[in-house]
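# Summary of the model geometry
For reference, the chains in residue letters:
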Amino acid sequence: EALMPMQAHRQHLFVVTKEQSMDWSPQFENEGFAQLLKRSLKQRKMLSTIVSYVTTGTADKATEDGDNASSSSPSSSNVLEKRTVLVMPDMIRYNNVTENDIDLLVEELSIGGGGGVIENGRGRSLQREKMPVNETNIFVCTHGKRDMRCGVCGPQVINALSNTINQVNSSGGTADAIRANIRGVTHVGGHKFAANVIIYKVDEKTGKVRGDWYGNVDEPGARLLVEEHIVKGNIVKELWRGSPNEE
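What this report covers is the structure whose coordinates are included nearby. (Residues numbered from 1 in each chain as written. Predicted model: local features only at pLDDT ≥ 70, side-chain atom pairs only at ≥ 80, totals over all residues. Heavy atoms only, no water.)

Looking now at the packing of aromatic side chains. Under the defined criterion, the tally for this structure stands at five aromatic pairs. Ring geometry for Phe139 and Tyr200: centres 6.1 Å apart, planes at 80°, overall edge-to-face. One end of the pair, Phe139, is in strand β7 (residues 136–141); the other, Tyr200, is in strand β9 (residues 197–202), and 61 residues separate them in sequence. The pair formed by Phe139 and Tyr200 is uniform in burial state, with each residue classed as buried. An aromatic cluster is defined as three or more aromatic residues linked by ring pairs; in this entry it consists of Phe14, Phe139 and Tyr200. The ring of Trp240 carries the charged tip of Lys237 above its face, separated from the ring centre by 4.9 Å. (Phe/Tyr/Trp six-rings, centres within 6.5 Å; stacked < 30°, edge-to-face > 60°. Helix = DSSP H or I, 4+ residues; strand = E, 2+ residues; numbered from the N terminus. Buried < 20%, exposed > 50% of the residue type's maximum accessible area, 1.4 Å probe, protein only. Lys NZ or Arg CZ within 6 Å of the ring centre and 35° of its normal.)

What follows is the structure, encoded as structure tokens:
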């Protein structure tokens, strides 16, 4: 069966959450902070932006704000809960974002920007920083309560990706060690193509960060993605669902 193409979009926002994927409700990506963020994006007619929740990354060297957040559900009334929001493929990280900052965040996203602190003149500010462009960011759907297949296949593929990257690095198989951050992500569409994997990596031909979506990824497929896509920069056609960077 042909793989379902990915949802067309310009940006993908990933909201880091303390909750582990096994605890995500079936509609987790439509609750709490993410729900408010989607509403604000819709009001500004930024309809080509996707919003997802993600777990803390495997390679994070410092604890992220989402990992420090309270353990309450995303529908909590605690509006001061701080979040980290990752913007792909722009490779931008917004830190310490609360629900009160969402409109300022969306305003900033609508005009783009660099690094530093953004202020709106009304006492609200955001901390923004560029993420390392030499780091590969991998997102694997692990949303088991949305679909069991994702809950079973996703964690297996994360382990296979991590193990293969460690093996490549320990063998000295590349000139530079692979720097990768692997995260579980909420529903991205196409349950029957589990495991679904999204990879953001610099395209050596253009020098820009590119996103590629893959489906039907199993453990051998995960190893293939590392060896071909991450190490060599080759698209694995038989698993490829598309790229938002394609013209």
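All right, on to the pairing of β7 then. Moving residue by residue along a regular strand, the side chains alternate between the two faces of the sheet. With respect to burial, β7 is a largely interior element, six of its six residues being buried. With burial as the criterion, each face of β7 is covered, one bearing Thr136, Ile138 and Val140 and the other bearing Asn137, Phe139 and Cys141. Across six bridges, β7 lies against strand β8 (residues 180–185) in parallel orientation. The partner of Thr136 across the bridge, within β8, is Ala180. (Pairing = 2+ DSSP bridges.)

Per the stated rule, a full pass over the model turns up eight salt bridges. As a salt-bridge pair, Arg146 and Glu29 come within 2.3 Å of each other at their nearest N and O atoms. Of the two residues, Arg146 sits in the loop between β7 and α4 (148–171) while Glu29 sits in the loop between β1 (11–16) and α1 (32–43), which places them 117 residues apart along the sequence. Note on Arg146: relative accessible area 25%, which makes it partly exposed. (Salt bridge = Lys/Arg side-chain N within 4 Å of Asp/Glu carboxyl O.)

Attention now goes to the pairing of strand β10 (residues 209–214). In terms of residue burial, β10 counts as a mostly covered element, since six of its six residues are buried. Side-chain alternation along β10 places Val209, Gly211 and Trp213 on one buried face and Arg210, Asp212 and Tyr214 on a second face that is also buried. Strand direction decides the pairing type here: β9 and β10, joined by six bridges, are antiparallel. Paired with Val197 across the strands is Tyr214, a residue of β10. In this structure, the hairpin formed by β9 and β10 is closed by a connection of six residues, where Gly207 is found at a positive phi of approximately 80°. When β10 meets strand β11 (residues 240–242), the two strands line up antiparallel, connected through two bridges. When the bridges of β11 are listed, Tyr214 appears paired with Trp240.

So, on to helix α5 (residues 219–232). Taking 1.5 Å per residue as the helical rise, α5 with its 14 residues ought to reach 20 Å, and the 19 Å between its terminal C-alpha atoms agrees with that figure. Helix geometry: α5 is bent most strongly at Leu225, by close to 30°. Within α5 the residues assigned to the buried category are Gly221, Ala222, Leu225, Val226, His229 and Ile230. Two to three positions downstream of the cap, the backbone nitrogen of Gly221 sits 2.8 Å from a side-chain oxygen, assigning the N-cap of α5 to Asp218. Directly after α5, the chain includes Gly233, whose backbone phi takes a positive value near 80°. (Expected span 1.5 Å × (residues − 1). Bend = angle between axes of the 7 residues up to and from the residue. Polar contact = N/O pair within 3.5 Å; in protein donor to acceptor, adjacent residues only side chain to side chain.)

One can find Val231 in helix α5. Sequence spacing of Val231 and Ile178 is 53 residues, and the spatial spacing of their C-alpha atoms is 7.8 Å. Residues contacting Val231, with those up to four places away along its chain left out, are Val168, Thr174, Ile178 and Val226. (Contact = heavy atoms within 4.5 Å.)

Turning our eyes to something else, we now look at the packing of α1 against helix α3 (residues 102–111). Running from amino to carboxyl end, α1 crosses α3 at an angle of 50°, the nearest separation of the two axes being 9 Å. Regarding the angle of α1 to α3, the classification is oblique. Remark: the crossing between α1 and α3 carries right-handed chirality. From α1, Phe33, Leu36, Leu37, Ser40 and Leu41 reach across to α3, where they touch Ile102, Asp103, Leu105 and Val106. Of the residues in the contact of α1 with α3, the class split is seven nonpolar, one polar and one charged. (Axes fitted to C-alpha atoms, helices over the stretch in contact; angles between N-to-C directions. Parallel < 35°, antiparallel > 145°, perpendicular 65-115°, else oblique. Left-handed = near helix turned anticlockwise from the far one by under 90°. Nonpolar A, V, L, I, M, F, W, Y, C, P; charged D, E, K, R; others polar.)

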